[in-house]
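# Inside the fold
Residues per chain are reported as follows:
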Amino acid sequence: MTITSTEPSVIALWDTLAARIDRGDRFAGLFAVPRNGAVMLSAQVATSGSVDTLEAALPSGAAGYPALTPRVGAAFWYERVIHDETGIVPEGHPRLAPLIRPGNPEDHALPRHVAGYGLFTIPHGPVRSGVFESMEYLVETPGEAIPHLNMRIFYKHRGIAARFTGMTVADGVLLAERAEGIASVAHTLAFCHAVEAIADCEIPREAALVRVVHAELERIANHLDVAMRLADAAGLAVATARFALHKERVLRLVSALCGSRFGRGVVVPGGVSAFPRKRPAEILGDIGKLERQVTADADTLMATSSFLDRLRGTGPLLPGRAREHGALGPIGKASGYADDARVARPYDAYPLLDAGPVAQHSAGDAMARLRVRFDEIAQAFHFIKQALSDFPERTRLTLQAPCPPADGRAVGWAEAPQGEVLYDVTLDEGRIARCQPRSASFHNLVLMHEVFAGDILTDFPFIEASFGLSVAGAAL
Amino acid sequence: VNLWVLRGLRDGVVTTRWPRRADEYADSWRGPVTVTAGANAPDAAALCPTGAITAADGWVRLDQGKCVLCGRCVAQRPDVFAWSAGATGPGAAALARQALVVPQAPETDEAVEAARAALAERTAALRRSVHVRHVDAGSDGSEEWEIQALLGPVYDIQRLGVFFTASPRHADVLLVTGAGTAGMAGPLRTTYEGMPDPRVVIAAGADAASGGLLGEQLTGVAGTVPVDVWVPGSPPSPFGILNALLIATGKLR
């Protein structure tokens, strides 16, 4: 259930928003929405059981509005995007540099935020050493410490949100799969949840179980990728190879189930496109073997002191800051702030399944984030085993519930490996009138600004890998 | 560290023997869609979300450079369209953009042969080891995973004398992914210009070839760098990328 409420003015919207955040709700997004010639500011608030949308119209022709960022710091990047896309100025915003649109290349001189003897700025990217997605880090440093870091993600801005407009729902599914390619299943789930909410469609139980299997396999692959990158950063050649091998095994299992290594084509509005090509008992065998192999290597990694020394205390995100920002996914969980959409706002088959014990971590450093990921891998195996054991006999199965295109607006959500993904979808005459995706990568990446307390240049790859985010999802 | 020695020995050799031996996973790969019959299906074009299908003069053609593997056409018209099988082989990497259009027009053969001869002449010096510079020009992130996989123990690209390098100055091959965003046009061009001759450019994936689903606003990377080898797929499989790297450098024909 998604509630949309309209406030009389921007100030009233901010007051309501601040009051709700004080009550324990989480700020989840802020966007500018053109409607009937006017511009609406549309904020998303996550609460237990739902994601609400609060809106207020800007006076027509307004060139600016009082910025939210001074009151709610988590709006920092959201308001820069609003400025990039509409030109409307959030007045009082601390730093309105371009974020997702390149702006004027003349302005791209290296910024200097810290002054002092011997300080210089290292531009790192957008073409980086190794196989990485394109983004630029501007590292201000006197040589070792990193007193200030800036990020430029506009290199990869593809205009995903704009591309949705006018698409059919079926085409929208394909685009959602490619918004953040390493979290295809989660993005498609969030999109389809919104479409299903508009159509008031309840998906068949067996389809919901298949969705859980694919969403959790995606989570395992992503977390193994992070473990691999961390081991690589520490120069542990064997550990890197082991986790790369496990990740490849997961991707091959996914392709054996559906034909795509990223679970594309599985999730459709109303259910799933096909059942797994392997029998549940067969998949359970594969999963059991995989779990034993991954667990043994994870245990060894967490007992390798030369590796742990690099992670312990590295890139700490303070629990207070995680709560204040509403940090999503493993980054929030490692800093004692856990708002998991699968538990707080359960969807698909998650209400039927036991989430198992979730260990709490509050150290907030790269090690805590890795511990959370290994916990989540164990939990993912637990979910998959339950979903497959519960799977009904092959006869008399329903793939999809009818999901006729209806008009309306809804917010859909899903817990990606990176954290909660939100899709605000408006359908009109069977087509997408507007679709605003919000990835966990976008919401969390801004936190990398503030985790370099005392860390030095050689800690950089550890901190970046421990965040485990996707630039494609952040820049959209 | 001793523990890791034992862990590393656990699974024996996991590396594929391809290209010296066939690989089951590569051969069973579900590739881009092909046209099996030149059937008269004038309405087939409407099936495709990226406009890869054209029907003119009674001929149905499909541009694999635009195919995002959604399978809608195969599901609706199995009499006309089918999945291609296998991630490797000469058909899995195209030496000319028009060679991705199936069935191929008669004049395509000549263009491909000309491109092959020109590429072979240019890359004659690259037969032993080659260095690759990867640039993401606006991918969805999955292509990077598939390229990263090549460095892992299963594909182990170093065994074939292919190495990834940080500096374009050391690179022989430019491996480009992504739909060609405005922001990456400059850095991509600069990277290409920083490479010494002879240099080869591979466009990996439908996004790099045509923009894929974003084709209305982004049209791939060919407008920024001269592409020599095209790999279909959304994303292409690791075997598909490996195959293209070997074809581009004359290690495989």
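Residue positions are given per chain, counted from 1 along the sequence in the order it is written. Key to labels: chains lettered from A, ligands numbered from 1, both in the order written. Whole-chain, interface and lining totals are the exception, using all residues; otherwise, since this is a predicted model, local features are given only for residues with pLDDT of at least 70 and side-chain atom pairs are given and counted only at 80 or more. Values shown for side chains rest on all heavy atoms present in the structure; no hydrogens or waters enter the calculation.

Attention now goes to the overall build of chain B. The numbering of helices and of strands both runs from the N terminus, where a helix is a DSSP run of H or I of at least 4 residues and a strand a run of E of at least 2. Scanning chain B for helices and strands turns up eight helices and ten strands. A radius of gyration in this sense is built from C-alpha atoms; the matching globule rule multiplies 2.2 Å by the number of residues raised to 0.38. A compact globule built from 253 residues would reach a C-alpha radius of gyration of about 18 Å, and chain B, at 19 Å, matches this within 12%. Expressed along its principal axes, the backbone C-alpha trace of chain B runs to roughly 65 × 40 × 35 Å. The buried label applies to any residue whose accessible area, calculated with a 1.4 Å probe on protein chains only, is under 20% of its type's maximum; exposed applies above 50%, and partly exposed to all values in between. Counting the 253 residues in chain B, one finds 57% classified as buried. For this analysis, residues touch if any pair of their heavy atoms sits within 4.5 Å. Intrachain contacts of chain B at a sequence separation of at least 6 include 79% that bridge at least 24 residues. Accessible surface is estimated by sampling points in the Shrake-Rupley manner with a 1.4 Å probe; for residues, cover comes only from the protein chains shown. As displayed, chain B offers around 10,300 Å² of accessible surface, 52% of which is attributable to carbon and sulfur atoms. We count Lys and Arg on the positive side and Asp and Glu on the negative side, and we leave His and both chain ends out. Throughout, a charge is located at the NZ atom of Lys, the CZ atom of Arg, the CG atom of Asp or the CD atom of Glu. A gap of 8 Å separates the mean positions of the 22 positive and 25 negative side-chain charges of chain B.

Listed as interface residues are 57 residues of chain A and, on the opposing side, 50 residues of chain B. Here's the idea: put two parts together, see how much 1.4 Å probe accessible area each one loses, and the total over both is what we call buried area. Counting each side, the surface lost to burial between chain A and chain B is near 4,600 Å², with a carbon and sulfur contribution of 60%. Looking only at chain A, the three residues that lose the most surface to chain B are V131, R158 and R163 of chain A, adding up to 15% of its buried area. A pairing counts as a salt bridge when a side-chain nitrogen of Lys or Arg comes within 4 Å of a carboxyl oxygen of Asp or Glu. The interface formed by chain A and chain B includes eight salt bridges. Residue D171 of chain A pairs with R72 of chain B through a salt bridge whose shortest N-O separation is 2.7 Å. Polar contact is defined as a pair of N or O atoms within 3.5 Å, subject to the rule that within protein one atom must be able to donate a hydrogen and the other to accept it, and that residues adjacent in sequence are counted only when both atoms are side-chain atoms. Where chain A packs against chain B, one counts 28 residue pairs in polar contact (both at pLDDT 80 or more). Listing elements by their share of the side of chain A that touches chain B, those giving two or more residues are α3 (160-164), α4 (169-177), α6 (205-233), α7 (237-258) and α8 (280-301) of chain A. Sorting elements by how many residues they give to the side of chain A that touches chain B places α7 of chain A first, with 14 residues.

Known as pLDDT, the predictor's confidence for each residue is given on a scale from 0 to 100. In the predicted model, chain B carries a mean pLDDT of 92, and 99% of its residues have values of at least 70. Confidence estimates for the predicted assembly give a pTM of 0.96 and an ipTM of 0.95.

Let us look at the nonpolar core. As used here, the term nonpolar core means buried Ala, Val, Leu, Ile, Met, Phe, Trp, Tyr and Cys residues forming a set that is joined through side-chain atoms within 4.5 Å. Counting 109 residues, the largest nonpolar core has F164, F191, L217, L301, L370, F374 and Y423 of chain A as the members making the most contacts within it. In terms of residue count, the dominant contributor to this core is α6 of chain A (16 residues). Note that the domain bounds reflect an automated or database-derived domain assignment. Residue contributions to this core reach at least three from each of two domains, namely domain 1 (4-91) and domain 2 (160-438) of chain A. What L301 of chain A contacts, discounting residues up to four positions off in sequence, is L236, A239, F243, F307, L308, L370 and F374 of chain A together with W4 of chain B. One finds V225, F239, L245 and A248 of chain B within the second-largest nonpolar core, a separate group that totals 60 residues.

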